[in-house]
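Below, each chain spelled out in residue letters.
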Amino acid sequence: MIENIIISFIVLLYGLVIGSFLNVCIYRIPIGKSVVGGRSYCPHCDTLIPWYLNIPVFSYLFLRGRCKNCRGLISPVYPAVELLNGILYLIVWFTYGLSLESAFLAMLLSVLIVVSFIDWQKRVISNKLVVFLLGLSVLHGVYQSVYFGAAWYTWVIGFFAASVPLFFLSLFFPDGLGGEDIKLMAAAGLFMGPPVLLALFLGSLYAGLTALLLITVKKGSLKSEIPFGPFLSLGIFTAMIFGGQIFLFAVPV
Ligand SMILES: [Zn+2]
């Protein structure tokens with residue numbers, strides 16, 4: 001019991017620290033800056049942020065969301081990303097325990113956070129991130145095949161399962177669906193196999209419900225743009241965590 005509480009705490013802290021790095025990725029990848037090296041600066045006054053004021057979530061709360069030097073507002077997106085990553089790591093740990101599968105899944109979800117926030121802010125899914133996801137998926141496939149005897153073609157089916165239908169849909173709805181969403185679902189399919197279809201279904205459902213909500217509440221139109229990436233990511237997450245029992249071809253755990 002005590003042991004589990006301590007591990008939960010460590011997993012959460014680890015998730016927060018990685019979340020802090022994800023913020024660096026979300027900020028730097030769209031402007032083509034390296035994500036390794038370099039220090040953090042206040043975006044308002046360019047003051048170097050010392051390490052003790054760069055502690056995930058806590059520094060934000062301690063400084064009440066303002067820069068210590070210029071009192072400029074710090075975006076609440078930073079602590080939100082850190083907290084989100086920490087909570088997701090906890091959920092992964094509760095679901096898959098301390099295993100290599102958990103490590104793979106945690107990495108997948110962290111990349112999806114970066115993908116989602118960049119897509120939300122800049123309306124673009126970085127090719128670098130898609131390539132990273134493809135690499136991670138290949139390693140995950142090798143691990144699953146060696147340790148659980150999963151057939152290699154599971155991943156090939158996954159690669160095409162959601163991306164091909166999305167491609168044909170994009171021919172009919174060129175405005176709503178981008179090549180970016182197709183790439184994302186191909187990479188996710190390579191990671192999770194055929195359950196990626198469940199991820200696509202759930203992601204579309206979330207996006208559809210949100211669009212409907214926006215139309216009713218803000219009287220927006222169907223044309224009002226919502227990025228598909230975050231919803232697809234949420235679909236992938238739900239399918240990975242809760243989809244095991246639903247799908248025949250579920251990833252063995
Ligand atoms: Zn400042």
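Quick notes on the rules
Residues numbered from 1 in each chain as written. Predicted model: local features only at pLDDT ≥ 70, side-chain atom pairs only at ≥ 80, totals over all residues. Heavy atoms only, no water. UniProt positions renumbered as here; feature names shortened; annotations may be inferred. Phe/Tyr/Trp six-rings, centres within 6.5 Å; stacked < 30°, edge-to-face > 60°. Buried < 20%, exposed > 50% of the residue type's maximum accessible area, 1.4 Å probe, protein only. Donors = N, O, S within 2.8 Å, 3.2 Å for Na, K, Ca; no water. Tetrahedral: all angles 85-135°; square planar, octahedral: opposite > 155°, others 65-115°. Helix = DSSP H or I, 4+ residues; strand = E, 2+ residues; numbered from the N terminus. Domains from an automatic or database assignment. Contact = heavy atoms within 4.5 Å. Buried area = accessible area lost by both parts, 1.4 Å probe. Salt bridge = Lys/Arg side-chain N within 4 Å of Asp/Glu carboxyl O. Polar contact = N/O pair within 3.5 Å; in protein donor to acceptor, adjacent residues only side chain to side chain. Nonpolar A, V, L, I, M, F, W, Y, C, P; charged D, E, K, R; others polar. Axes fitted to C-alpha atoms, helices over the stretch in contact; angles between N-to-C directions. Parallel < 35°, antiparallel > 145°, perpendicular 65-115°, else oblique. Left-handed = near helix turned anticlockwise from the far one by under 90°. Core = buried A, V, L, I, M, F, W, Y, C linked by side-chain atoms within 4.5 Å. Expected span 1.5 Å × (residues − 1).

The protein is annotated in an unreviewed UniProt entry as Prepilin peptidase from Dehalobacter restrictus. Within the UniProt record for the protein, the comment given under Subcellular location (unreviewed entry) is "Cell membrane".

Moving on: the packing of aromatic side chains. One pass over the full model with this rule turns up 10 aromatic pairs. Aromatic pair Trp51 and Tyr52: ring centres 5.8 Å apart, planes at 90°, arrangement edge-to-face. Owing to a relative accessible area of 65%, Trp51 belongs among the exposed residues under this scheme. Measuring from centroid to centroid gives 5.0 Å for Phe159 and Phe160, while their planes differ by 85°, and the two rings are edge-to-face. Given the relative accessible area of 44%, Phe160 is considered partly exposed. In this structure an aromatic cluster arises from ring pairing among Phe104, Tyr143, Tyr147 and Phe148.

This brings us to the coordination of the zinc ion. Protein-derived ligands of the zinc ion are Cys42 (SG), Cys45 (SG), Cys67 (SG) and Cys70 (SG), with the metal-ligand distances lying across 2.3 Å. Note that the zinc ion binds 4 donor atoms; their angles at the metal cover 104 to 116°, and the shape is tetrahedral. Spacing between the donor residues of the zinc ion along the chain follows C-x2-C-x21-C-x2-C. Of this pair, Cys42 sits in the loop between helix 1 (2–28) and helix 2 (58–62) while Cys70 is found in the loop between helix 2 and helix 3 (77–96), placing the two residues 28 residues apart along the sequence. Given a relative accessible area of 4%, Cys42 falls into the buried group. With relative accessibility at 32%, the residue Cys70 sits in the partly exposed group.

Here the protein is partitioned into domain 1 (1–98) and domain 2 (126–253). Placing a centre on the C-alpha atoms of domain 1 and another on those of domain 2 gives a separation of 26 Å. Of the residues lining the interface, 6 residues belong to domain 1; the matching set on domain 2 comes to 6 residues. Looking only at domain 1, the three residues that lose the most surface to domain 2 are Ile29, Ile91 and Tyr96, adding up to 68% of its buried area. The interface formed by domain 1 and domain 2 holds 0 salt bridges in total. Linking domain 1 with domain 2 are 1 residue pair in polar contact (both at pLDDT 80 or more), by the criterion used here. Residues of the side of domain 1 that touches domain 2, tallied by class, amount to 5 nonpolar, 1 polar and no charged.

Closest axis-to-axis distance for the helix 1/helix 3 pair is 7 Å, and the angle between their directions is 140°. Between helix 1 and helix 3, the crossing angle belongs to the class labelled oblique. The handedness of the crossing between helix 1 and helix 3 is right-handed. Residue composition of the contact of helix 1 with helix 3, grouped by class: 18 nonpolar, 8 polar and 1 charged.

Among the nonpolar cores identified, the biggest contains 51 residues, and Leu108, Met185 and Ile236 are the most heavily contacted of them. Setting aside residues up to four positions removed in sequence, Met185 forms contacts with Gly158, Ala162, Leu166, Val196, Ala199, Leu200, Leu232 and Ile236. Among the nonpolar cores identified, the runner-up in size contains 5 residues, and Val11, Tyr89, Trp93 and Ala106 belong to it.

Relative to the 33 Å expected for 23 residues at 1.5 Å per residue, helix 4 (residues 100–122) spans 33 Å between its end C-alpha atoms, a close match to the ideal helical length. When you tally the buried positions in helix 4, you get 17 out of 23 residues, the bulk of the element. Phi turns positive, to about 55°, at Arg123, one or two residues after helix 4.

Quick look at the packing of helix 8 (residues 179–192) against helix 10 (residues 229–242) now. At a minimum axis distance of 10 Å, the contact between helix 8 and helix 10 shows a crossing angle of 15°. It follows from the interaxial angle that helix 8 and helix 10 lie roughly parallel. Both helix 8 and helix 10 take part in a crossing whose hand is right-handed. Together, Asp181, Leu184, Met185, Ala188, Phe191 and Met192 of helix 8 and Gly229, Leu232, Ser233, Ile236, Ala239 and Met240 of helix 10 make up the contact between the two elements. When its residues are assigned to classes, the contact of helix 8 with helix 10 shows 9 nonpolar, 2 polar and 1 charged.

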